[in-house]
Amino acid sequence: MDRWIAKYPADWKQGALMACLEIAQEQNGGWLSEELVEAVAEYLDLEPIKAFEVATFYTMYDLQPVGRHKISLCTNISCMLCGSSGIAEHLKGRLGIDFGETTADGRFTLKEVECLGACSGAPMCLIDHDYYENLTPDRVDSILDSLD
């Protein structure tokens, strides 16, 4: 976190909030507890509500435990027009969960997200830190089968 904070003038260290929340989330198994968000805010000399505003606004942050693999499926306009609703139904059926849920074995969490900036490869998703584009049900199955 200090490396991110050092990128900002001393009186603007709060600018590192998003990066610090991401780092804290990674170190905590992929999610942010209330106490962790408050600790990040305190470290940045920020009112806790400011950190919670950011953590609850952006879909990249999770305030509940997540599975070993987080699948973030884009359902914004480009992906929707290219079939993300069919991909969503396929994922839900294959995993036996809905958006916002985690499989009973703790392997997968499925999230619906806004644009991930890969519209030319729609429909697409982000799994952990990797983008997967031009999804089809068969491609989704192949990707899921390749994950540990």
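For the structure itself, consult the block above.
The present account deals with the structure reproduced in this document. (Residues numbered from 1 in each chain as written. Predicted model: local features only at pLDDT ≥ 70, side-chain atom pairs only at ≥ 80, totals over all residues. Heavy atoms only, no water.)

Attention now goes to the packing of helix α6 (residues 84-95) against helix α7 (residues 137-146). Contact geometry of α6 with α7 gives a least axis separation of 10 Å together with a crossing angle of 40°. For the element pair α6 / α7, the angle class is oblique. In terms of crossing hand, the pair formed by α6 and α7 is right-handed. Contacts between α6 and α7 involve Ile87, His90, Leu91, Arg94 and Leu95 on the former and, on the latter, Pro137, Val140, Asp141, Leu144 and Asp145. (Axes fitted to C-alpha atoms, helices over the stretch in contact; angles between N-to-C directions. Helix = DSSP H or I, 4+ residues; strand = E, 2+ residues; numbered from the N terminus. Parallel < 35°, antiparallel > 145°, perpendicular 65-115°, else oblique. Left-handed = near helix turned anticlockwise from the far one by under 90°. Contact = heavy atoms within 4.5 Å.)

With that settled, the discussion passes to the nonpolar core. Counting residues in hydrophobic clusters, the biggest one holds 18 residues, and the most contacted among them are Ile71, Leu73, Leu91, Leu135 and Leu144. For this core, the secondary-structure elements that each account for two or more residues are β1 (69-74), α6, β3 (108-113), β4 (125-127) and α7. A per-element tally of this core places α6 first, with four residues. (Core = buried A, V, L, I, M, F, W, Y, C linked by side-chain atoms within 4.5 Å. Buried < 20%, exposed > 50% of the residue type's maximum accessible area, 1.4 Å probe, protein only.)

Shape descriptors only; they carry no functional weight alone.
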